[in-house]
Amino acid sequence: MDQKILDLAAAEDGQGLLQLLQHMKEQEVGALITRYALKGKETGMLMRAIFKGSPCVSKEGVCLRLFVYKHCMQLVESGDLQSDVATDMIGLLMLEAHQLPGTALAELASLYVDAIKGGSIINGKSLDLFPTILTVLASQESLNYGGGHLNGEEYKKQLINTLCSSRWDPKCVIHLTSMFRDVPLSIEELQFVMMKVLRMFPKLELQELPPLVYQLLLLSAKGCKKTLLEGIVTFFHQQDQLQKEEQTGTESMELEAVTVPQDQLYHVEGTVILHIVFAIKLDHDLGRELIKYLKAGQQGDTGRVLCSFNIALMLSVARIHRFEEQLFDFLKTAIIKSFKDGQFQQNSKFLQDLIPAQCNVSEMILETVSNSVFGWDHVTQSLVQLGFIFMDSFGPKTGPFGKVAETNPHAAKTPSQQTCRLGAKILLETFKVHEPIRSEILEQVLNRVVTKSTSPINHYIDLLSDIVISAPLILLDSSSKVIEAFDHLSYLPLSTVQGLLKAVQPLLKVSMSMKDSLILVLRKAMFSSHLDSRKSAVAGFLLLLKNFKVLGSLASSQCTQALTASQVQVDVHMRYNASANEALCLEILGSLRRCLSQQVDVRLMLYEGLFDVLRRNSQLAYTILQTLLSQLKRYYEVEEDLLPPLKMEGCITTQGGQIYLQEPLAHLLSCIQNCLAWSKQSLPDTRHDSDIYDNDDDDEEDSFQHDLENQLDSITRRMIKSELEDFELDKSADFSITSNVGIKNNIYAALVLGVYEVLMEHNFITSNYSLNQFENVISLFNRYHKLSDLLKEKSGKGKSPFSNKTARSLLSFSFVSCLLTALFRDNTQSHQESLSVLRSSNEFMRYTVSVALQKIQQLEETGQTDGPDGQNAEKIFKYLCEITRVLLWRYTSIPSAVEESGKKEKGRTISLLCLEGLLRTFNTVQHRYQNKIPQFLNAIDVVSDGEGEQEDINITEKAAFHIRQFQRSLVTQLSGDEEDFNSKEAQLLVSILSTLSRLLEPTTEQFGQMLTWTVKICKENNLEDVHFCKGLMSMMFSLHVLRKSPASLLQEMSRDVHCRLGDIDQDIEIEEQSHFAMVNSKTAAPTVVQLILSQTEKVLEEVDWLITKLKGQLSSDKELTDENSQISTTREPAEKAIVLQLGILLTAFHELIQTSIPAGSCVDTLLKELAKMYSILTSLVKYYIQGYTGHVAHLPARFEKLVKLSGSHLTPQCYAFITYVQNIQSETVNFGGGAEKKKDKKKEMAAITAATARVLRETKPIPNLVFAIEQYEKFLIHLTKKSKVNLMQYMKLSTSRDFRINAATLDAALQEQEAEEIQDEANEQSSVTMDENQENREPKKKKRKR
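Cut-offs used in this document
- Residues numbered from 1 in each chain as written.
- Predicted model: local features only at pLDDT ≥ 70, side-chain atom pairs only at ≥ 80, totals over all residues.
- Heavy atoms only, no water.
- Helix = DSSP H or I, 4+ residues; strand = E, 2+ residues; numbered from the N terminus.
- Buried < 20%, exposed > 50% of the residue type's maximum accessible area, 1.4 Å probe, protein only.
- Axes fitted to C-alpha atoms, helices over the stretch in contact; angles between N-to-C directions.
- Parallel < 35°, antiparallel > 145°, perpendicular 65-115°, else oblique.
- Contact = heavy atoms within 4.5 Å.
- Nonpolar A, V, L, I, M, F, W, Y, C, P; charged D, E, K, R; others polar.
- Phe/Tyr/Trp six-rings, centres within 6.5 Å; stacked < 30°, edge-to-face > 60°.
- Lys NZ or Arg CZ within 6 Å of the ring centre and 35° of its normal.
- Patch = residues over 30% accessible without salt bridge, like charges linked within 9 Å, V, L, I, M, F, W, Y side chains within 5 Å.
- Areas by Shrake-Rupley, 256 points an atom, 1.4 Å probe, with all protein chains shown as cover.
- Salt bridge = Lys/Arg side-chain N within 4 Å of Asp/Glu carboxyl O.
- Lys, Arg positive; Asp, Glu negative; His and termini not counted.
- Charge placed at Lys NZ, Arg CZ, Asp CG, Glu CD.
- Disulfide = S-S within 2.5 Å.
- pLDDT = per-residue confidence, 0-100.
- Left-handed = near helix turned anticlockwise from the far one by under 90°.
- Pairing = 2+ DSSP bridges.
- Arc of directions from axis to C-beta.

Here the focus is the overall build of the chain. The number of helices and strands found in the chain is 57 helices and 4 strands. Counting across all 1346 residues of the chain, residues that qualify as buried make up 52%.

What follows is about the packing of helix α32 (residues 600–616) against helix α34 (residues 665–682). Look at α32 against α34: their axes get within 9 Å of each other, and the N-to-C directions meet at 5°. Relative to α34, the element α32 is oriented roughly parallel. Where α32 approaches α34, its residues Leu604, Tyr607, Glu608, Leu610, Phe611, Leu614 and Arg615 are matched on the opposing element by His667, Leu668, Cys671, Asn674, Cys675 and Trp678. Along the lines of polarity and charge, the residues of the contact of α32 with α34 split into 9 nonpolar, 2 polar and 2 charged.

A separate point is the packing of aromatic side chains. All told, the structure shown has 27 aromatic pairs when counted by the stated rule. Ring centres 4.8 Å apart and planes at 50° place the aromatic pair tyrosine 1184 and phenylalanine 1199 in the tilted group. Here tyrosine 1184 is found in helix α53 (residues 1161–1189), whereas its partner phenylalanine 1199 is found in helix α54 (residues 1197–1234), with 15 residues between them in sequence. Since its relative accessible area comes to 1%, phenylalanine 1199 is described here as buried. On the basis of an interplanar angle of 35° and a centroid distance of 5.8 Å, the ring pair of phenylalanine 1217 and tyrosine 1220 is categorised as tilted. Placement of the pair is phenylalanine 1217 and tyrosine 1220 together in helix α54, with a separation of 3 residues, close to one helical turn. Accessibility classification places phenylalanine 1217 together with tyrosine 1220 in one group, the buried group. The rings of Phe877, Tyr891, Phe922, Tyr929, Phe936 and Phe966 are connected pair by pair, giving a single aromatic cluster. Over the ring of phenylalanine 431 we find arginine 438; its NZ or CZ atom is 5.6 Å from the centre of that ring.

Let us look at a negative patch on the surface. A cluster of acidic side chains, namely Asp977, Glu978, Glu979, Asp980 and Glu1024, defines a negative patch on the protein surface. Along the chain, glutamate 978 falls in the loop between α46 (955–975) and α47 (983–997). The exposed category is assigned to glutamate 978, whose relative accessible area is 53%.

One pass over the full model with this rule turns up 0 disulfides. Between cysteine 671, a free cysteine, and cysteine 675, which holds the nearest cysteine sulfur, the sulfur-to-sulfur gap is 4.1 Å.

Attention now goes to the confidence of the model for the chain. With 77% of its residues at a pLDDT of 70 or more, the chain shows a mean pLDDT of 80. pLDDT under 50 marks residues 1338–1346. Its contacts with residues more than four places away, or in other chains, come to 0 contacts.

Let us now look at the packing of helix α12 (residues 209–219) against helix α14 (residues 262–282). How two helices pack is summed up by the angle between their axes together with the distance between the axes. Where α12 contacts α14, the two axes come as close as 9 Å, and the packing angle between them is 20°. On the basis of the axis angle, α12 is roughly parallel to α14. Where α12 crosses over α14, the two elements pack in a sense that is right-handed. Between α12 and α14, the residues in contact are Leu209, Pro210, Val213, Tyr214 and Leu217 and Val268, Thr271, Val272, His275, Ile276 and Ala279, respectively. The class makeup of the residues in the contact of α12 with α14 is 9 nonpolar, 2 polar and no charged.

A few words on the pattern of salt bridges. Taken as a whole and judged by the stated rule, the model has 28 salt bridges. In this structure, glutamate 1097 and lysine 1172 form a salt bridge, with 3.1 Å as the shortest nitrogen-oxygen distance. In this pair, glutamate 1097 is assigned in helix α51 (residues 1084–1117) and lysine 1172 in helix α53, connecting sequence segments 75 residues apart. Within the structure, one salt-bridge network assembled from shared partners comprises Lys337, Asp341 and Lys1109.

Sheet topology places strand β3 (residues 652–655) next to strand β4 (residues 658–661); 4 bridges connect them, and they run antiparallel. Across the sheet, residue threonine 654 finds its bridge partner in β4, namely isoleucine 659. The loop that links β3 with its antiparallel partner β4 comprises 2 residues; one of these, glycine 656, has a positive phi angle of about 60°.

On to unusual backbone geometry. Look at the link from leucine 643 to proline 644: it is a cis peptide, with omega at -10°. Residue placement: proline 644 occurs in the loop between α33 (621–633) and β3. At the junction of alanine 1085 and proline 1086, the peptide bond is cis and its omega measures out at 0° in the coordinates. As for its position among the elements, proline 1086 is in helix α51. In this structure, asparagine 768 takes a positive phi of about 55° despite not being glycine. Position of asparagine 768 relative to the elements: it lies in the loop between α37 (740–765) and α38 (771–796).

A few words on the side chain of threonine 956. In this structure, threonine 956 sits in helix α46. Sequence-distant contacts of threonine 956, defined by excluding residues within four places in its chain, comprise Leu999, Leu1000, Glu1001, Thr1004 and Gln1006.

What follows is about helix α40 (residues 832–839). Along α40, the residues classified as buried are Ser834, Leu835, Val837 and Leu838. All buried residues of α40 project into a common sector of 140° when viewed along the axis, lining one side.

Note on placement: isoleucine 953 falls in the loop between α45 (933–939) and α46. Note on isoleucine 953: relative accessible area 16%, which makes it buried. Each C-alpha atom, one on isoleucine 953 and one on asparagine 938, is 7.4 Å from the other, the two residues being 15 residues apart in sequence. When sequence neighbours within four positions are dropped, the list of residues in contact with isoleucine 953 reads Pro934, Gln935, Asn938 and Lys958.

This paragraph deals with the environment of aspartate 1056. The topology assignment puts aspartate 1056 in helix α50 (residues 1047–1061). Under the relative-accessibility criterion, aspartate 1056 is labelled buried at 0%. Put simply, aspartate 1056 and histidine 1075 are 19 residues apart on the chain and 6.6 Å apart in space, counted from C-alpha to C-alpha. If sequence neighbours within four positions are ignored, aspartate 1056 has contacts with Gln1073, Ser1074, His1075, Phe1076 and Val1079.

Turning next to the side chain of glutamine 773. Structurally, glutamine 773 is set in helix α38. Taking the relative accessible area as the measure of exposure, glutamine 773 reaches 17% and is therefore buried. Residue contacts for glutamine 773: discarding those within four places in its chain leaves Asn763, Thr766 and Ser767.

Pasting the structure below:
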């Protein structure tokens, strides 16, 4: 039978074929096709023969063809055929599909739809035919559908709709997506398909997602690119969120909820990103759509745009040159904006309640870094680039005069600092997890350290230090790069050299080549002609001496050497290298001796660094002290009878006719004194254990120390005996800086003052509370005080450089702490007699407190202090706690009133100095030691004496306790007579309370009490002290804003200001009422008005920020119109809050613009804020216009009330206020001109010109305000048209323009003119009468000359 069919077909006997096939059953034909297909021979020929014998003109032919189609589809889907046979079969069916009538095509299409619904599509091969059937179907003119007729295109649309609404078997999703690529689809149909496939993502196995995404990307060539990208990003963001929840959630999770393995998910994400990047390379429109999607998303929820997957995608696409700049710019903008928004929200409770907290961008980016280990090599290069972009763009900038703002890396505050810190973290984490990129990161960091010599590079040095600590041994592979950087040391600024060497210091211990290279470079630098190079050499050698310990030196615990864990790990050859270290250290000390004959700056560096060397490398004590002694001998007078004991003339040098300091003698003595004191205290306990020195050496060292002590004692005795005349510094001495003699005397004075201070410290430390030595201390201080007073007296006449700034004290921080404790807190009975000598001098106690204040100020500004331990953060913190405890005790136990009632002193009292010291300390701790605040609050507790470390210290409770102490002091100040009120003390107390209040948690009861107390003080105290009022009210606002919006306070204050200053219309009497007694005629303007306006500006900024956020939500909601009702309800609380805020501010402005505010800055600022108010009202109106345009908003009744209020209470008064301002300005001009009339013309003209210029400057905001009002009214008209609500009925026609007629002024001017005319007529009449009388009189007789 089969051969007969083939023969007839070959003979082209169509009629014979038709008759033969009509006599065969369908099953027989099917069996024939199956047999041939399985054999794989002549299947195509058989099928062509069957089609030839079943023409579509007859019903039987159509039925047979339809059967063949159905049978072949089943056969192909069964998977029994060879692939080439199946392909040939489908190809033949495609060719013949155009012959089929519409009904047959519709039946075949329905069959496909049912198969897909039923899940019977297995291998998807038969789906290759479906696009052809749909294409042919779409070209049909009319088809029966549900009792009616549809054209082919409509029928196809219905089919696709049905298909996308039904359930798909996950196994066939990829086949179906691939199939749709060949179907001609409209944009609407493509959207259906895309949404359906994206909804199928969660149901698929993870491994199936990359090929599916690939098919979707191919499909997106037809359109709907944004839908696809958004769907992919949303899905993977949700998967990441599920992963996080699973990691942070409890173990009792249900089995169904357990997500896929983490590594598997991230590998799939990486592959998907690669597919998208590849697609963007081929189709740049897809890249442009990605950027559009990102920018649109930035307006709404940034958490969705800046999710980990999206960041990785952006960084991968950024490798394409065309999109690189756009994407990095977008990331920069988005991240800085995110940090700014976070900070803005953090500072306002009003915003926190309305908008949920933003996602943590830093976490998201660092998550991308950690995820990139799962084969995301395409991300790493961009991560490095991003990190450096952040550090370059947002690093510290050079301030005025080249100064760098001091930043604390651990307490990044501003958005720029946070972004820079994030850049450093990205680079550090990338360095840790990606080995191939390490050398590039290191090279780029070192390049920036070496090349950016003029701009601040602290952030790069901090990063380098972190990199070294994280992996010192790995860095040895890149040691050549570090050695290369060393070659540039002599050309770099000193601070850079110190930072760089400190950062790479752990490497020097494990790399001999690196250490040798450094020593070679430093030796060259020591002989350089540049001063900075020699200073760098000293810094480098001192660092080496500190870190290469000689065998037998004290353990690090004894000398408090700060070593990191990694440094200890790599320091494996210490014992073996100890003898080599000793030779190295002695050699370095030999090189450093050369410094003792160089410039003063080099010597200073050496003297300030040697103590730290000795403390960390105690075996070098003898050599160091010997070096210092030999230097001292040059200036020491050996003869006991000679006064003064020091040769001052050797300390100065003359160069080019100018006198310079050559030897910082006081610093030399300070270094000797500190080294001697430490070696006496620490070394005797350990010397008997040492096997390096024998007894002779011990004796030699003891006698040597003894000699040094004797010399210091001798200098003390003779300095006390020496009068100022002995130093040529008596009252008649010249201290002017214009002559060489004056400069020399100033240098001598500075040296002598420093020597006195060093000797005071030496005598106190070695005294063991001996009466004689304490008397020496007081005698030295009296000499110091006398010379200091002399300098102040001379500087009063402007003849001395000391007039600008007090010289830094040479007392060490540890000694100041010890001395203060002894003076104020030492109750030991045996010490009382000797301490009474020091306590009897009020000047000495005041001097001690002022030095403590100076040290704290230095610590606050630079993070370290002069002298020993000045850079040891732990010890500095300990001394700071001790000093604070003493100052706190001194201030709280001795009231300042008692102190002042004694004797009147020049300058500030001890209490005031203590208070200033406390303020600076609290600021310093919050800025520098944030993580140690609990220990600090515990340590300064005067009651418990700071002892007994508690496990959990409640910061809020401790801070509240100290706040109550200062509150009592302030209440005492306020409750006394006005004459006894100490303004300076009250201001300091307010500043301290403001600083301490930052430690309170805003949600706690203590914070609430603090706020209530502050408001009460402002309401009940009527003080006319402007500075105190400003400080107190600023604190009230800063507290209030953390609890709720301060708008209601502003309203009450504005009312008070209106009452105190009167109305712009002098005939109106204002009802007397007072909310805040602190607002009085003295403080109301400009102080309180400026405070109100600055707070109003902040509230307006918050409202503006909120409106911008809502606009962003609105644009993203337009696409989700089906959820409209729910979306609008989520925006409603924010809309309500905006209208309420603006309503309250509007009433506050209503009061202020009716107030008779004096001309000046207040008027200027008020006009600017009014313009801003109208701009924000306009912004709100635009928001509602946008809502109506997108059909996602309605106009609430409260907004209508706000518009009504603005029309009745704001706009008319604004125009009246503008008139008032112009009147007072014209009066100013007239007054300015009138006052000078009697003087010469030039001065008169100059005064008028100046007054006119000022008026022009101050009236500049008026046109801006009028424009803002008109813009507001313009957009109200637009909104009226959109909403069909007449909002303009509340607005009166504006009258204030460039040309206007003020009726009252016109009447007054006309009356004045009439009066003048009447007066002129009267004058004319009287002059006529006088002329007539003169005519009737006799002429006067002339007098004869004699």
